[in-house]
Amino acid sequence: KAGVTQTPRYLIKTRGQQVTLSCSPISGHRSVSWYQQTPGQGLQFLFEYFSETQRNKGNFPGRFSGRQFSNSRSEMNVSTLELGDSALYLCASSPGDRGNGYTFGSGTRLTVV
Amino acid sequence: GIQVEQSPPDLILQEGANSTLRCNFSDSVNNLQWFHQNPWGQLINLFYIPSGTKQNGRLSATTVATERYSLLYISSSQTTDSGVYFCAVERNNYGQNFVFGPGTRLSVLP
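What counts as what
- Per chain, residue numbering runs from 1 following the sequence as it is written.
- All chains are assigned letters beginning with A, and all ligands numbers beginning with 1, in the order in which they are written.
- Under the rules for a predicted model, residues below a pLDDT of 70 receive no local features and side-chain atom pairs below 80 are neither given nor counted, while totals for whole chains, interfaces and linings still include all residues.
- Side-chain measures here rest on the full set of heavy atoms in the structure, leaving out hydrogens and waters.
- Here, the term disulfide refers to a pair of cysteine sulfur atoms separated by no more than 2.5 Å.
- Helix and strand definitions here come from DSSP, where helices need a minimum of 4 consecutive H or I residues and strands a minimum of 2 consecutive E residues; each element is numbered from the N-terminal end.
- Pairing of aromatic rings covers Phe, Tyr and the six-membered ring of Trp, with a centre-to-centre limit of 6.5 Å; geometry is then stacked below 30 degrees between planes, edge-to-face above 60, and tilted otherwise.
- Think of it in three bands: residues with accessible area under 20% of the maximum for their type are buried, residues over 50% are exposed, and the middle band is partly exposed, with areas taken using a 1.4 Å probe on protein chains only.
- Charge-over-ring placement is defined geometrically: NZ (Lys) or CZ (Arg) within 6 Å of the ring centre, and within 35 degrees of the ring normal.
- Whenever a nitrogen or oxygen atom comes within 3.5 Å of another N or O atom, the pair is scored as a polar contact, on the condition that within protein one atom can donate a hydrogen and the other can accept it, and that pairs from neighbouring residues in sequence are kept only if both atoms are in side chains.
- Note on contacts: a residue pair qualifies if any of its non-hydrogen atoms lie within 4.5 Å across the two residues.
- Pairing between strands is defined by DSSP: at least two bridges between them are needed.
- Axis lines are fitted through C-alpha atoms, for helices just across the contact stretch, and the angle between N-to-C directions can take any value from 0 to 180 degrees.

Enquirer: Explain the state of the cysteines to me, please; I cannot follow it from the model alone.
Expert: Formally, a disulfide is one covalent bond, and it connects the sulfur atom of one cysteine to the sulfur atom of another. Residues and elements named next belong to chain A. Across all of its chains, the model carries two disulfides over all chains by this definition. Between the sulfur atoms of Cys23 and its disulfide partner Cys91 the distance amounts to 1.8 Å. Judged by the torsion about the S-S bond (60 degrees), the Cys23/Cys91 disulfide is right-handed. Here the residue Cys23 occupies a position in strand 3 (residues 19–24), and Cys91 occupies one in strand 9 (residues 87–94), the gap between them amounting to 68 residues.

Enquirer: Help me understand the packing of aromatic side chains in this model?
Expert: For any pair of aromatic rings, the description consists of the separation of the ring centres together with the inter-plane angle of the planes. Under the defined criterion, the tally for this structure stands at 13 aromatic pairs over all chains. Centre to centre, the rings of Phe47 of chain A and Tyr49 of chain A are 5.7 Å apart; their planes meet at 70 degrees, and the pair counts as edge-to-face. As far as the burial class goes, Phe47 of chain A and Tyr49 of chain A line up, both buried. Measuring from ring centre to ring centre gives 6.3 Å for Phe98 of chain B and Phe100 of chain B, while their planes differ by 65 degrees; the resulting arrangement is edge-to-face. Pair check on accessibility: Phe98 of chain B and Phe100 of chain B agree, each one buried. One aromatic cluster in this structure is built from Tyr35, Phe45, Tyr102 and Phe104 of chain A together with Phe35, Phe86, Phe98 and Phe100 of chain B. Sitting over the ring of Tyr69 of chain B, Arg22 of chain B keeps its end group 4.2 Å from the ring centre.

Enquirer: Help me understand the side chain of Asp81 of chain B in this model?
Expert: Residues and elements named next belong to chain B. Along the chain, Asp81 falls in the loop between strand 8 (69–74) and strand 9 (83–90). Asp81 gets classed as buried once you look at its relative accessible area, which sits at 6%. Polar side-chain contacts of Asp81 include one of 2.8 Å to the backbone nitrogen of Gln78. Discounting chain neighbours no more than four positions away, the residues touching Asp81 are His36, Arg58, Ile74, Leu106 and Val108.

Enquirer: For this particular structure, what's the right way to read the sheet that holds strand 1 (residues 5–7) of chain A?
Expert: Backbone hydrogen bonds are what pair the strands of a sheet, in a parallel or an antiparallel way. All names here are of chain A. The antiparallel open sheet is built from four strands, whose spatial order is 1-3-8-7. The open sheet has two edge strands, strand 1 and strand 7 (64–68), and neither has a second partner. The sheet shows a mean angle of 15 degrees between the axes of neighbouring strands, direction not considered. Sheet topology note: the strand 1/strand 3 ladder contains three bridges and is antiparallel. From the neighbouring strand, Gln6 faces strand 3, where its bridge partner is Cys23.

Enquirer: Hey, could you run me through the pairing of strand 9 of chain A in this one?
Expert: The side chains of a regular strand alternate, residue by residue, between the two faces of the sheet. Residues and elements named next belong to chain A. Across the eight residues of strand 9, eight count as buried, placing the element largely inside the fold. Burial along strand 9 is two-sided: Ala87, Tyr89, Cys91 and Ser93 and Leu88, Leu90, Ala92 and Ser94, pointing in opposite directions, are all buried. In the sheet, strand 9 pairs with strand 11 (residues 108–112) via three bridges, with the strands oriented antiparallel. Its bridge partner being in strand 11, Leu88 is matched across the sheet by Arg109. Sheet analysis places strand 9 next to strand 10 (residues 103–104), joined by two bridges and oriented antiparallel. Bridged to Ala92 within strand 10 is Phe104.

The following block contains the structure:
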């Protein structure tokens, strides 16, 4: 069965621009979570969507937003990019009603210049 | 919020050696998982282990929830075991959002 697919794999953007990242979960999974990974802060939870609703949110500014579509695919958007937003962005999908089955995608590496 | 600590932060082994990685967490949790991040950034789920002991080949894990720690054992290490090992915990058990530890970076030398 297909895994979690994230696109694009790599992205270079300029400060002030905005970016949209995409995540397609494993078929049947209803929950999609997003994480930011940086060398300084490690892996930090951004938000989680379940059945098109944001169910949990981490401590990130409002420039970070997301949504989930009816087919469970999710997008996250970062507006007014800052140099500090350079990171590996990982999404994970899970059934959403039990703790196992949590599977990560390969990530999108965003570089802000 | 829950705090997660992992030790040691770095570990260098010769191929064939055994190792134990530790994860301590500050509060009761209902979900604990171990992940391996390979050099290309892919996070692979190793164990879903909120309590008890599990084994998968050369890897095994034990979680003692009442004492708030988990151990990951790697036996007969191989160079492909290199990477960063993360412990992640969740207060609920719905696979919603994890708090990750800082990781243990393992280097296995040939």
